[in-house]
Amino acid sequence: MYKIGFDNDKYLKMQSSRIRERINEFGGKLYLEFGGKLFDDYHASRVLPGFKPDSKLQMLLHLKDEAEIVLVISAEDVEKEKVRGDYGITYDHDVERLIGEFTAIGLMVGSVVLTKYNGTPKVLDFEKRLQEKGYPVYHHYVIDGYPSNVSKIVSDEGFGVNDYIKTERKLVVITAPGPGSGKMATCLSQLYHENKRGIKAGYAKFETFPIWNLPLRHPVNLAYEAATADLNDVNMIDPWHLDAYGETTVNYNRDVEIFPVLKATFDRIYGECPYKSPTDMGVNMAGNCINDDDAVCEAARQEIIRRYYNVRTDVNKGKDKREELYKIELIMNQAGISATDRACVVAAEKKAEETGVPAAAIELADGRMLTGKTTDLLGCASASLLNALKTLAGIDDGIYLINPDVIRPIQELKVNYLGNGNPCLHIDEVLIALSMSAVTDENAAKALNELKNLKNAEMHSTVPLSHVDVKVIKNLGLRLTADINK
């Protein structure tokens, strides 16, 4: 059952206020390394029910008159045509997409930085496209010994070789299309250049997870480990913070490991480091906006289980993700959960066992459970979806929403003319047929009107679903898992 556990309005106010405070702490200029997704942060919205996927973007809009955005991308990623898995587009095209998204809502994009710069044809072509659109492009280079050789890095032969990024506003948000782009190095390089010009500027880091003021093994923090199992991130107690303040806070291994280098870098730039710990560098206020810990914990546990099924499906398809799967299994053990703690999994498996055919189950946001099985006309996902719509619309289970005589010609078209070996209708085909039926059938129209109420429902299939089905289910806002046919 879906329950709100996070106060999004409180978050927007607290987070923007905290960033303003940090700007003032550094005399009016702050470079803010922005981790995670600015757009469509669905992981955060799943584990913190009530968190809006665009919350971080809305928070920035509270600061839009004070902020400008600098996008960072590695030239190596441009050259390799690295692809974002969630959007299926290359990093360079994602930078152009982000520029369009930011400017469309009134945020200023000041420039783009190409890190690890090399002048290959692909990189030069990308640079030209940006410049033709009126965006300055700066070059940052590989520094021998980075990040350990601080004396070399913080010198004219290190950061001094990088271009100085000209910025106009007091808050400079450094973001990127993905990890490994060089956001932190860009921030530090700017601090070096600003200091040489007599400008006092500060650095802070904004990442939602792990949440520093939740316990180490809180389900939300464990869900972050599950989400980054492929990166091998590990949550840990911040030893620097514990030593400096006697307070237990949570950070993750990469920030804790790099902090000695950051501290030494700050010492060389400013004479002393303004921070005593990695936790000090952060400005995340999400932990202060949880208003129902039980709801958040349950949402996070479900996310861990979903991650487990998603990776297990990849392993069953032959992908080399066994180590990732083992790690998530360990996380499940730490959280005290198993796959059967997902109610729709139990319901779908029971239905499959009773009928002897693949089955799916949907747990609606209010807790009601609906199932469906594979038939000659429909796949199990389509069947369960129609049953859920009937229930939401108050339609008797025995009533057809789509006449079988409408479905059969579609099947003949798929098999006889389009070369599809599977006659069962995919969900998009079912919804098109339902839309056509709604023109003359009141029940079909009522069911179609309930699609919006499938959002935040949980769904499980005992068989892997087609790419088309998965995409439609996600677009409808259901949270899907699938398994091998047993």
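Read on for a plain summary of the structure. Everything numeric here is computed off the predicted structure, so don't read it as measured data.

### A closer look at helix 5 (residues 91–104)
Its 14 residues place the ends of helix 5 20 Å apart at the C-alpha level, agreeing with the 20 Å of an ideal helix rising 1.5 Å per residue. Among all positions of helix 5, only Tyr-91, Asp-92, Asp-94, Val-95, Glu-96, Leu-98, Ile-99 and Phe-102 are buried. For helix 5, the elements touching its buried residues are helix 3 (55–61), strand 2 (67–74), helix 4 (75–79), strand 3 (108–115), helix 6 (121–132) and strand 5 (171–175). Downstream of helix 5 by one or two residues, Gly-106 has phi in the positive range, about 95°.

### Here's the deal with the sheet that holds strand 9 (residues 359–363)
Here four strands make up an open sheet; going across it, the order is 10-9-11-12 and the pairing mixed. The sheet terminates laterally at strand 10 (369–373) and strand 12 (479–482), the two strands that pair on one side only. Taking the axes of each pair of neighbouring strands and ignoring which way they run, one obtains an average angle of 15° across the sheet. Helix 13 (residues 293–316) rests against strand 11 (458–461) and strand 12 of the sheet, and its axis sits at about 45° to strand 12.

### Examining unusual backbone geometry
Look at the link from Tyr-146 to Pro-147: it is a cis peptide, with omega at 5°. By the secondary structure assignment, Pro-147 is in the loop between strand 4 (137–139) and helix 7 (150–153). Look at the link from Phe-209 to Pro-210: it is a cis peptide, with omega at -10°. Residues other than glycine seldom take positive phi values, yet Lys-116 does so here, at roughly 50°.

### Focus on helix 8 (residues 183–196)
Helix length check: helix 8 (14 residues) gives 20 Å between terminal C-alpha atoms against 20 Å at 1.5 Å per residue, within 8%. The element helix 8 is extensively covered by neighbouring structure, given that eleven of its 14 residues are classed as buried. Inspection of helix 8 places Lys-183, Met-184, Thr-186, Cys-187, Leu-188, Ser-189, Gln-190, Leu-191, Tyr-192, His-193 and Glu-194 among the buried residues, and these make up the whole buried set. Buried residues along helix 8 sit in contact with strand 1 (30–34), strand 2, strand 3, strand 5, strand 6 (202–206) and helix 11 (253–270).

### Considerations on the sheet that holds strand 5
To summarise the sheet geometry, strands pair through backbone hydrogen bonds and adopt either a parallel or an antiparallel arrangement. Pairing in this open sheet of six strands is parallel, and the strands run 4-3-2-5-1-6 from one edge to the other. Edge positions in the open sheet fall to strand 4 and strand 6, since each of these has one partner strand only. Neighbour-to-neighbour, the strand axes of the sheet open up by a mean angle of 25°, direction not taken into account. Here strand 2 pairs with strand 3 via seven bridges, running parallel. Looking at the pairing, Leu-71 lines up with Val-112 of strand 3.

### Overview of the pattern of salt bridges
When their charged atoms lie close together, side chains carrying opposite charge are able to pair. As enumerated under the stated definition, the model contains 34 salt bridges in all. Between Arg-22 and Glu-25 there is a salt bridge, with the nearest N and O atoms lying 3.0 Å from each other. Linking Arg-22 with Glu-25, this pair stays in helix 1 (residues 8–25), spanning three residues, or about one helical turn. With relative accessibility at 3%, the residue Arg-22 sits in the buried group. Its salt-bridge partner being Glu-96, residue Arg-129 comes within 2.8 Å of it at the nearest N-O pair. With Arg-129 in helix 6 and Glu-96 in helix 5, this pair connects stretches of sequence that are 33 residues apart. Overlapping salt bridges bring together Arg-46, Glu-303, Arg-306, Arg-307, Arg-342 and Glu-458 as one network.

The rules we used
Residues numbered from 1 in each chain as written. Predicted model: local features only at pLDDT ≥ 70, side-chain atom pairs only at ≥ 80, totals over all residues. Heavy atoms only, no water. Helix = DSSP H or I, 4+ residues; strand = E, 2+ residues; numbered from the N terminus. Expected span 1.5 Å × (residues − 1). Buried < 20%, exposed > 50% of the residue type's maximum accessible area, 1.4 Å probe, protein only. Contact = heavy atoms within 4.5 Å. Pairing = 2+ DSSP bridges. Axes fitted to C-alpha atoms, helices over the stretch in contact; angles between N-to-C directions. Salt bridge = Lys/Arg side-chain N within 4 Å of Asp/Glu carboxyl O.

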